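Notes for the structure review
For reference, the chains in residue letters:
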Amino acid sequence: MNPAFSVVIFTVVAGAAQGMVVALALASLAGLALAPSFLCTALFVAEALLLVGLGASFAHLGRPGRAWRAVLMWRTSWLSREVIVLPAFIGVVGLWWLALYLGIDNGMLLPAAAIVMAALLWYCTAMIYACLRFIEEWAQPLTLVNFALTGLSSGLVLTCALAVLGGQPQLLQAFGPAAAAVTAVAGITRSLALRRNALLKHKSTLQSATGIRAPQLAQKSMGMSAGSFNTREFFHRAGPASMKHVKRALIVLGFALPVALLLWGLAAASGMAFVLAWAVQVPGLVADRWMFFAQARHPQNLYYQVVS
């Protein structure tokens, strides 16, 4: 598949915002003493990230003015459900921030609702891809696992970085070990998915795609005289060497190096290590999401497999 930059940005920033909101909600439900000003600032950052993600999703539409129609198929479409859940989640986070800003005691209602909405959004977003059985790289349980764990990892790391900058050591002590553990598990499950997809033997073949039953079949051209939607939308044009570099970058920058920095921060009580872990993880997660789309092979590529 040809990764759309707008979707890459949306899934990365929205996932981080969800993870951070979950961390803040858990801290609030556990009675962790957080400065109200810090909690307001953190929720404002999360809301800003969600709005950036929402804007990126609009950029992916051919006609943004008709975006409202996306909700009409909510009974059968996971994309429609995501379109409903995302604004609802943004609204819950906004209400939580407003209640804190106005000094209104909301008890446990809004933090609990935020956790539920974040989980629903992860599920809807992941199922958009996991439900497509003809794209075998996505149609697997690890798709949902990786969306949730990667988002939770990035959110926890961002929360720890903000705790350092905002002078909240109690939050760092509470979620520092969790950030390292979740990031390590996320890296393991993502590596398993990458390995599975690399060794995947597709059910569709060149013979079944073209209808030619010859035992040995080789395609020398893309099947048409000029480019089309098919050749633009479903080909990323990155060579095997580039794919290996991206794969190495996502593993090292997205998971391995952040875990090492988080462990260093915990062992040496270094707040800067948590900030560095977040700065390193961001480009790694962008590479990870790009790889998620680029590694997926649409069956139509068996027919248009040579672009010349």
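Below: a short report on this structure.

Quick notes on the rules
- Residues numbered from 1 in each chain as written.
- Predicted model: local features only at pLDDT ≥ 70, side-chain atom pairs only at ≥ 80, totals over all residues.
- Heavy atoms only, no water.
- Helix = DSSP H or I, 4+ residues; strand = E, 2+ residues; numbered from the N terminus.
- Rg over C-alpha atoms; globule rule 2.2 N^0.38 Å.
- Lys, Arg positive; Asp, Glu negative; His and termini not counted.
- Charge placed at Lys NZ, Arg CZ, Asp CG, Glu CD.
- Phe/Tyr/Trp six-rings, centres within 6.5 Å; stacked < 30°, edge-to-face > 60°.
- Buried < 20%, exposed > 50% of the residue type's maximum accessible area, 1.4 Å probe, protein only.
- Lys NZ or Arg CZ within 6 Å of the ring centre and 35° of its normal.

1. As for the overall build of the chain
Broken down by element type, the chain carries 10 helices and zero strands. Ordered by position from N to C terminus, the α and β elements of the chain give α-α-α-α-α-α-α-α-α-α. On C-alpha atoms alone, the chain measures out to a radius of gyration of 21 Å, which is about the 19 Å that the 2.2 N^0.38 rule sets for 308 residues. In terms of principal-axis extent, the alpha carbons of the chain reach across some 70 × 45 × 30 Å. With 20 positive and 7 negative side-chain charges, the chain shows a spacing of 14 Å between the two charge centroids.

2. Structural notes on the packing of aromatic side chains
Inspection of the entire model under this criterion finds 11 aromatic pairs. Ring geometry for W97 against Y101: centres 5.1 Å apart, planes inclined by 15°, an arrangement best described as stacked. Highlighted residues: W97 and Y101, both in helix α3 (residues 78-102), separated by four residues, approximately one helical turn. Using a relative accessible area of 57% as the deciding quantity, one classes Y101 as exposed. For R81, the ring lying beneath its charged end belongs to W78, and the centroid distance is 4.4 Å. Positioned above the aromatic ring of F292, the side-chain terminus of R289 is 5.9 Å from the ring centre.

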